[in-house]
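Examination of the molecular architecture
Residues per chain, in single letters:
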Amino acid sequence: MRKQIIAYLSRTIELVVGALVLTNVLVLLYGVAARYVLGRSPIWMDELSRFLIIGSALLMAGVVWIRNEHMRIGLLEDLLPSPVARLLKLYQWMLILAVSAGFCWYSWHYAFSVGRFTTMGLGISRTWPVLSLPLGFGLLFVFNVLRGPFGCKEGNS
């Protein structure tokens with residue numbers, strides 16, 4: 001059951017992130033075309049592109065974590081005896097739970113504390129782009145809970 005939830009969530013997030021990346025490419029192409037045709041690109045283009053790419057990376061963090069595709073060195077786990085390696089994996093799991101929950105909580109409050117400020121190029125509330133932080137860390141927390149301390153990766157175990 002956990003694997004099915006993980007697979008469904010992963011696919012859904014991949015579709016959303018794919019749409020964000022495609023939107024980013026279109027915004028950048030528009031900016032380049034405007035620069036050559038009109039001699040200047042709109043000021044909001046850089047800002048929107050930055051928000052889209054940061055949001056994409058944060059949303060994808062949980063998927064990358066669950067698939068074990070992030071940058072990581074597992075040498076210590078391979079060298080340690082099995083019971084000690086399991087303790088280390090449990091420690092890492094609890095640490096990711098604590099860090100992702102903490103960052104989700106604090107970034108949620110931060111996102112709404114900056115709501116009275118607007119972005120320079122788009123003129124929108126700063127809350128909207130900053131909401132990618134609690135959403136990304138929240139998804140990382142959910143994926144970590146679903147994975148468990150010793151496995152249940154998508155498609156494996």
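**Describing the overall build of the protein chain**
Looking only at helices and strands, the protein chain has six helices and zero strands in total. Start at the N end of the protein chain and walk to the C end: the helices and strands fall as α-α-α-α-α-α. When each of the 157 residues of the protein chain is scored for burial, the buried share is 34%. Within the protein chain, contacts between residues at least 6 apart in sequence are counted, and of these 70% link residues at least 24 apart.

**Quick word on the packing of aromatic side chains**
Scanning the entire structure with this criterion turns up three aromatic pairs. Taken together, a centroid distance of 5.9 Å and an interplanar angle of 20° make the contact between Tyr-30 and Trp-44 stacked. Placement of the pair is Tyr-30 in helix H1 (residues 2–38) and Trp-44 in helix H2 (residues 43–66), with a sequence separation of 14 residues.

**Notes on the packing of helix H4 (residues 82–113) against helix H6 (residues 132–147)**
Two numbers describe how H4 lies on H6: the axes approach to 8 Å, and their chain directions differ by 155°. Here H6 runs roughly antiparallel to H4, going by the angle between their axes. You can see that H4 and H6 cross each other, and the crossing is left-handed. Between H4, through Trp-93, Ile-96, Leu-97, Ser-100, Ala-101, Phe-103, Cys-104, Ser-107 and Trp-108, and H6, the contact on the second element is made entirely by Leu-133, Pro-134, Phe-137, Gly-138, Leu-140, Phe-141, Asn-144 and Val-145. In the contact of H4 with H6, the residues fall into 13 nonpolar, four polar and no charged.

**Quick notes on a nonpolar patch on the surface**
A surface patch of nonpolar side chains, about 440 Å² in accessible area, is lined by Val-21, Leu-22, Val-25, Leu-26 and Leu-29. Residue position: Leu-26 is located in helix H1.

**Here's the deal with H4**
The α-helix advances 3.6 residues per turn, and as a result positions three or four apart in sequence lie on the same side. In this model H4 runs 46 Å from its N-terminal to its C-terminal C-alpha over 32 residues, within 8% of the 46 Å that 1.5 Å per residue would give. Residues of H4 that are buried include every one of Ala-85, Leu-88, Trp-93, Leu-97, Ser-100, Ser-107 and Ala-111, and no others. Summarising the contacts, the buried residues of H4 are in contact with helix H3 (75–79), helix H5 (127–130) and H6.

**Thoughts on the side chain of Ser-107**
When you line up the elements, Ser-107 lands in helix H4. A polar side-chain atom of Ser-107 sits 2.6 Å from the main-chain carbonyl oxygen of Phe-103. In terms of polar contacts, Ser-107 uses its side chain to reach the backbone carbonyl oxygen of Cys-104, at 3.3 Å. Contacts of Ser-107, omitting those with residues within four sequence positions, involve Leu-133, Pro-134 and Phe-137.

Definitions and cut-offs
Residues numbered from 1 in each chain as written. Predicted model: local features only at pLDDT ≥ 70, side-chain atom pairs only at ≥ 80, totals over all residues. Heavy atoms only, no water. Helix = DSSP H or I, 4+ residues; strand = E, 2+ residues; numbered from the N terminus. Buried < 20%, exposed > 50% of the residue type's maximum accessible area, 1.4 Å probe, protein only. Contact = heavy atoms within 4.5 Å. Phe/Tyr/Trp six-rings, centres within 6.5 Å; stacked < 30°, edge-to-face > 60°. Axes fitted to C-alpha atoms, helices over the stretch in contact; angles between N-to-C directions. Parallel < 35°, antiparallel > 145°, perpendicular 65-115°, else oblique. Left-handed = near helix turned anticlockwise from the far one by under 90°. Nonpolar A, V, L, I, M, F, W, Y, C, P; charged D, E, K, R; others polar. Patch = residues over 30% accessible without salt bridge, like charges linked within 9 Å, V, L, I, M, F, W, Y side chains within 5 Å. Areas by Shrake-Rupley, 256 points an atom, 1.4 Å probe, with all protein chains shown as cover. Salt bridge = Lys/Arg side-chain N within 4 Å of Asp/Glu carboxyl O. Expected span 1.5 Å × (residues − 1). Polar contact = N/O pair within 3.5 Å; in protein donor to acceptor, adjacent residues only side chain to side chain.

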